[in-house]
Structure formats: C-alpha cells, structure tokens
Amino acid sequence: MAFSSNGFSMFVLVCLVVISSLSVASCAGNFYQDFDITWGGNRAKIFKAGQLLSLSLDTVSGSGFQSKKEYLFGRIDMQLKLVAGNSAGTVTAYYLSSQGPTHDEIDFEFLGNLSGDPYILHTNVFTQGKGNREQQFYLWFDPTRNFHTYSIIWKPQHIIFLVDNTPIRVFKNAESIGVPFPKSQPMKIYSSLWNADDWATRGGLVKTDWSKAPFTAYYRNFKVTASTSTSAFSDSTWQTNELDAPGRRRLRWVQKYFMIYNYCSDLKRFPGGLPPECKRSRFL
C-alpha cells in the first residue's frame, strides 16, 4: 500500500484524532512515523512509503530499531519474515522493554539454525530487572518463507504471546503470591538482528557462516491497540481475564506438541525450589 505525501499526512491526522478521542485506540502503523533506526546505519532500511522495514547483519555490524512512543498495556502486532537459509548464530529479537536496572521486558527472540532445521522461538518475561522465565518453542511452519504475525497482549491481569493469533504462552499476574508483574513502567518496542553464535545455536556449538552474509529479516503491518492508563481497561474487551475455550485448546496444542523448554519444569536449574508461579499451573 503506497501513500502520496498528502495521503500519508491524512493517514497520520486520522490516527491522531482517533487516539486522542478514545482511551483505547487501534491504528495501523507506519515505520517512518512510529519508529527510529537506532543502530547499524544503512543495514536498516524502510521501504514502500513506510510500510516495510528490513534489518541486516554482516561481518561488521547488525542493526536495530525502536518505537518513538512508550506504551503501558495494550496489544502489539508485527509481521516478520525471518532470515532464510543457514541462519545459525543469528538472533532476531522483537520485544517490549522499559529502561534502567529494574526494567521490565517482554521478549520474542528467534534463534537461527542450520538450513533445514527449525528456528527456535525463545520467550521471556522480565520484572524489576529479573528474568529467568524462559519458554521455548518450535514453530509449526517455516517462518522464513512468508510473513507471520507475532503479537503481545499486555494487560494488568496477564501477558499473552501469540503467533498468527494462536496463543503459545500466558504469564498471569501472580502478585497475590509475591510474584512481581510488569504494570507500572511504560515500554517501548524494540527489534534487532545480531550475531550471538556464542550461545544461540546448539549452545554455541554451531557458528555463524559469514559466507552467507548479509542476513536479512523483514517487518511489515505493525499495529498497536494501546492505552496510556489502566482506566481505559474498563471496556469489556480488555477486562477479559482468561482465554476463551478455543484459545485454551490452541494453547494446550502448542504447549503439548511444540514447546521444547519450560523453566517451570527445570528442576536442576532451581535446586532450591521452582519459582512460586510454577506451583500453580494456571499462572503458566
């Protein structure tokens, strides 16, 4: 979808009017309008009047971008097409984060692999600067052939990770049992493509094949439904504290057949006892 300069100005004006008049607003994004290229120079590029963005990694540097705005609760959707071919050693990160030593963070990280092997989707939640809540999944499709939608729903009650609108993970607010939950620090959206061959692929056993560089990932169809205050969540759409029955079935399907690591099952990692949220299955 291409915009003339007048058309793009009208699009931005409509978005601003919608957001200013509603406590919860949904608006399709434009990379020129909504994001800043933060590092990597011309390895990060915006195309098609702001409708497509690419990040690249070569022997000199990776690249990254971040949103201009911060968000406190909402739904973030982004379509990604990951690095094709032999992507071993590379990581494409797409996440929400606040700043500082006690930052909060909600992570998607895509760990590259040898040609023909599946990507690993790594998820994590940080609260007050502490993470260690990893769950990892294989995907049920090749994420390098087409664009797929990766979403984060962040509410005061829970965080839901979705792939093509299929829930893969739910992290519920468990403050009642002493587990911190990210609910007070606004976060920006970040993404980066970088070399992590010291750990990303088979624990660092498989290194990046630089003869295949540059490695490139693509982004499109950014959409945010966000709010700047908890009062906006009085709307019934946002009050829902649980997945519906079909959503729960899809979540169980993904976790049964595609989950390959769950911190709540790693007894060796937590010899003193699993984290408290792990003792209640409904908080996973």
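Each value, and the rule that gives it
Residues numbered from 1 in each chain as written. Predicted model: local features only at pLDDT ≥ 70, side-chain atom pairs only at ≥ 80, totals over all residues. Heavy atoms only, no water. Disulfide = S-S within 2.5 Å. Helix = DSSP H or I, 4+ residues; strand = E, 2+ residues; numbered from the N terminus. Buried < 20%, exposed > 50% of the residue type's maximum accessible area, 1.4 Å probe, protein only. Salt bridge = Lys/Arg side-chain N within 4 Å of Asp/Glu carboxyl O. Phe/Tyr/Trp six-rings, centres within 6.5 Å; stacked < 30°, edge-to-face > 60°. Lys NZ or Arg CZ within 6 Å of the ring centre and 35° of its normal. pLDDT = per-residue confidence, 0-100. Contact = heavy atoms within 4.5 Å.

**Overview of the state of the cysteines**
Reasoning step 1: Per the counting criterion, the structure on display carries one disulfide.
Reasoning step 2: With a sulfur-sulfur separation of 1.8 Å, Cys264 is cross-linked through a disulfide to Cys278. Across the S-S bond linking Cys264 and Cys278, the dihedral sits near -70°, which makes this disulfide left-handed. Here Cys264 is found in the segment after strand 16 (259-262), whereas its partner Cys278 is found in the segment after strand 16, with 14 residues between them in sequence. For the pair shown, Cys264 and Cys278 are each scored as buried.

**Points about the pattern of salt bridges**
Reasoning step 1: Inspection of the entire model under this criterion finds eight salt bridges.
Reasoning step 2: Put simply, Arg133 and Glu277 hold a salt bridge, and the shortest N to O gap is 3.3 Å. Separated by 144 residues along the polypeptide, Arg133 in the loop between strand 9 (120-126) and strand 10 (135-138) and Glu277 in the segment after strand 16 bring together distant segments of the chain. The pair formed by Arg133 and Glu277 is uniform in burial state, with each residue classed as buried.

**Some points on the packing of aromatic side chains**
Reasoning step 1: In the structure shown here, the tally under the stated rule is 19 aromatic pairs.
Reasoning step 2: With 5.4 Å between their ring centres and 65° between their planes, Trp140 and Trp253 make a pair best called edge-to-face. Of this pair, Trp140 sits in the loop between strand 10 and strand 11 (148-154) while Trp253 sits in helix 4 (residues 245-257), and the two are 113 residues apart along the sequence.
Reasoning step 3: Relative to Trp199, the ring of Trp194 lies with its centre 6.3 Å away and its plane at 50°, an arrangement referred to as tilted.
Reasoning step 4: What makes Trp194 partly exposed here is its relative accessible area of 27%.
Reasoning step 5: The ring of Tyr218 carries the charged tip of Lys81 above its face, separated from the ring centre by 5.8 Å.

**Re the confidence of the model for the protein chain**
For any part of a model where pLDDT is low, the fine detail of the predicted coordinates should not be relied upon.
Reasoning step 1: Mean pLDDT over the protein chain stands at 87; residues scoring 70 or higher make up 83%.
Reasoning step 2: Contacts of residues 1-23 to residues separated by more than four positions or lying in other chains number 20 contacts, the stretch itself having pLDDT below 50.
Reasoning step 3: Counting interchain partners and residues more than four positions distant, the pLDDT-below-50 stretch residues 230-236 has 12 contacts.

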